[in-house]
Every structure is written in C-alpha cells, then in structure tokens.
Amino acid sequence: MTFLILACAVPTPKIFYPFFVLLFYVLSVLPVLIAKRSTPGSETNPKTEFALFLSAGMVLSSFALPIVLAHSAVITWTACILTLIANVINYSTIVGYAMRGESFDAPYGGMF
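It should be emphasised that the depicted structure is a prediction, and the values quoted were computed from it without experimental measurement.

Requested: an account of helix 3 (residues 30-38), with residues and values cited.
Those residues of helix 3 that sit buried are Pro31, Val32 and Ala35. Taken end-on, helix 3 shows its buried residues confined to a sector of 95 degrees, consistent with a single buried face. Residues of helix 3 that are buried in the fold lie against helix 2 (21-27) and helix 4 (46-71).

Before we move on, could you go through the environment of Leu6 and cite the residues and values that matter?
The topology assignment puts Leu6 in helix 1 (residues 2-9). In this structure, the C-alpha to C-alpha distance between Leu6 and Pro18, residues twelve residues apart in sequence, is 9.7 Å. Aside from chain neighbours lying at most four places away, what touches Leu6 is Pro11 and Leu82.

I'd like a description of the side chain of Asn87, backed by residues and values.
Along the polypeptide, Asn87 turns up in helix 5 (residues 77-98). A residue is classified by how much of its surface remains accessible, and Asn87, at 0% relative accessible area, is buried. Apart from the residues lying within four places of it in its own chain, the contact partners of Asn87 are Val21, Tyr25, Ser62, Phe63 and Pro66.

Calculation criteria
Think of each chain on its own: its residues are numbered from 1, step by step along the sequence as written. A pLDDT threshold of at least 70 governs which residues receive local features in this predicted model, and a stricter bar of 80 or more applies before side-chain atom pairs are shown or counted, although totals over entire chains, interfaces and linings include all residues. Hydrogens and water are ignored here; the side-chain numbers use all heavy atoms of the structure. Whether a residue is buried, partly exposed or exposed follows from its accessible area with a 1.4 Å probe, protein chains only, as a fraction of its type maximum: under 20%, in between, or over 50%, in that order. Strands here mean DSSP runs of E at least two residues long; helices mean DSSP runs of H or I at least four residues long; both are numbered from the N terminus. Each C-beta atom gives one direction from the helix axis, and the arc is the one those directions make. Contacts: residue pairs with any heavy atoms within 4.5 Å of one another.

Written out as structure tokens, the structure reads:
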C-alpha cells in the first residue's frame with residue numbers, strides 16, 4: 001500500500017487514478033471465495049474454473065490499468081512503475097495467504 005500511496009503523491013500531487021487498482025484487489029478475490037464456499041471438498045468443477053478465470057482477468061486488469069493510464073499521459077510513468085510494484089507486493093501477499101498450510105485451524109478453512 002505504501003507504493004500505491006507514493007504513486008498518487010510523489011510524481012504529480014492530487015492525481016488519484018492509481019487508487020482505482022484497489023477495486024481490483026477486492027474484486028479479484030471474490031469469485032474464488034464464492035466458488036470455494038459453494039463447492040464441497042477440493043474437487044474442481046466448471047464453477048471453480050470460471051471463478052479462477054475471472055480472478056485471473058482481474059489480476060491482469062490491475063496490471064494493465066496503470067500502463068494504459070501512463071501511455072495516455074493521465075499519470076506519469078513513475079506513478080505507473082510504483083503502482084506495478086504495489087501490485088506485485090499485494091498480490092504476492094494474497095497468494096501467500098491463500099497457499100498457507102491446511103494445518104492452520106481457521107473456522108472456514110483455507111482460501112483455495
């Protein structure tokens with residue numbers, strides 16, 4: 001989140017377009033969570049595969065949005081690079097949380 005805040009503050013003050021990536025952070029996890037809760041066990045079915053497809057599309061969109069904004073000169077390339085670094089850090093945190101061991105006794109189980 002620090003790099004995302006720096007992307008909005010450092011290159012050009014009061015340009016908050018990189019914060020739109022926060023929507024993708026929230027929305028990229030929702031299809032997998034919904035499909036996991038509605039599918040018993042660890043079996044795969046078309047519903048789970050479609051949820052993974054939607055999540056992959058949202059992750060790709062969160063990397064593409066700052067590049068498109070920088071290419072059209074809405075944000076600077078420095079803000080684009082800082083947003084991409086924030087994407088890598090945040091999505092690796094999400095994947096690290098999702099791939100933790102099943103030995104963790106969470107009330108609803110693991111994410112994947």
